[in-house]
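Close look at the chain arrangement
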Amino acid sequence: MNTPESASRTVVRRVVLGAFVCVAAVIVLLVGSVVLSATGLSSDPHGYGMFAGILFTAVLTPVALALWLLYRWLRRRGSREG
């Protein structure tokens, strides 16, 4: 049976997965802007977009990794109790 406790864990797990997907999508967009800036296909004459993309990607990568590991931990914990 679904207890209120397991239902709330499911909600938390889905929220964590959604946050991971959002952060991963932002990382993909940032890497794309870095590639466009590095190849000269973007209208960024000073290269600030490339530096910002690298900086933000470096900050968001550990966040994405932590969210993924938290999601995996929540899944393992839920499967043991179920």
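The paragraphs below set out a description of the structure included in this document. (Residues numbered from 1 in each chain as written. Predicted model: local features only at pLDDT ≥ 70, side-chain atom pairs only at ≥ 80, totals over all residues. Heavy atoms only, no water.)

**Details of the side chain of Ser-37**
- Mapped onto the secondary structure, Ser-37 falls in helix 1 (residues 4-39).
- A polar side-chain atom of Ser-37 sits 3.5 Å from a polar atom in the side chain of Asp-44. (Helix = DSSP H or I, 4+ residues; strand = E, 2+ residues; numbered from the N terminus. Polar contact = N/O pair within 3.5 Å; in protein donor to acceptor, adjacent residues only side chain to side chain.)

**Overview of a positive patch on the surface**
- Taken together, the side chains of Arg-72, Arg-75, Arg-76 and Arg-80 define a basic patch exposed on the protein surface.
- Residue placement: Arg-76 occurs in helix 2 (residues 48-81). (Patch = residues over 30% accessible without salt bridge, like charges linked within 9 Å, V, L, I, M, F, W, Y side chains within 5 Å. Areas by Shrake-Rupley, 256 points an atom, 1.4 Å probe, with all protein chains shown as cover. Salt bridge = Lys/Arg side-chain N within 4 Å of Asp/Glu carboxyl O. Lys, Arg positive; Asp, Glu negative; His and termini not counted. Charge placed at Lys NZ, Arg CZ, Asp CG, Glu CD.)

**Structural notes on the side chain of Thr-57**
- Along the polypeptide, Thr-57 turns up in helix 2.
- Ignoring sequence-local partners within four residues, the contact set of Thr-57 consists of Ile-27, Leu-30 and Val-31. (Contact = heavy atoms within 4.5 Å.)

**Examining the environment of Ser-37**
- Since its relative accessible area comes to 12%, Ser-37 is described here as buried.
- Taking C-alpha positions, Ser-37 is 43 Å from Ser-8, a pair spaced 29 residues apart along the chain. (Buried < 20%, exposed > 50% of the residue type's maximum accessible area, 1.4 Å probe, protein only.)

**Thoughts on the packing of aromatic side chains**
- Under the defined criterion, the tally for this structure stands at two aromatic pairs.
- Plain terms: the ring middles of Phe-20 and Trp-68 are 5.2 Å apart, the flat faces sit at 40 degrees to each other, and that makes the pair tilted. Of the two residues, Phe-20 sits in helix 1 while Trp-68 sits in helix 2, which places them 48 residues apart along the sequence.
- Classification of Trp-68 as partly exposed rests on a relative accessible area of 33%.
- Centroid distance Trp-68 to Tyr-71: 5.6 Å. Interplanar angle 35 degrees. Geometry classified as tilted. You can see Trp-68 and its partner Tyr-71 sitting in helix 2, three residues apart, about one turn around the helix.
- On the basis of relative accessibility, which here comes to 12%, the residue Tyr-71 falls in the buried class.
- In textbook terms, an aromatic cluster arises when at least three aromatic residues are bridged by ring pairs, as seen for Phe-20, Trp-68 and Tyr-71. (Phe/Tyr/Trp six-rings, centres within 6.5 Å; stacked < 30°, edge-to-face > 60°.)

**Notes on the nonpolar core**
- With eight residues, the main nonpolar core is built from Val-16, Phe-20, Val-23, Ile-27, Ala-64, Leu-67, Tyr-71 and Leu-74.
- When contributions to this core are tallied by element, the ones reaching two or more residues are helix 1 and helix 2. (Core = buried A, V, L, I, M, F, W, Y, C linked by side-chain atoms within 4.5 Å.)

Read these as layout, nothing more, since geometry by itself doesn't imply function.
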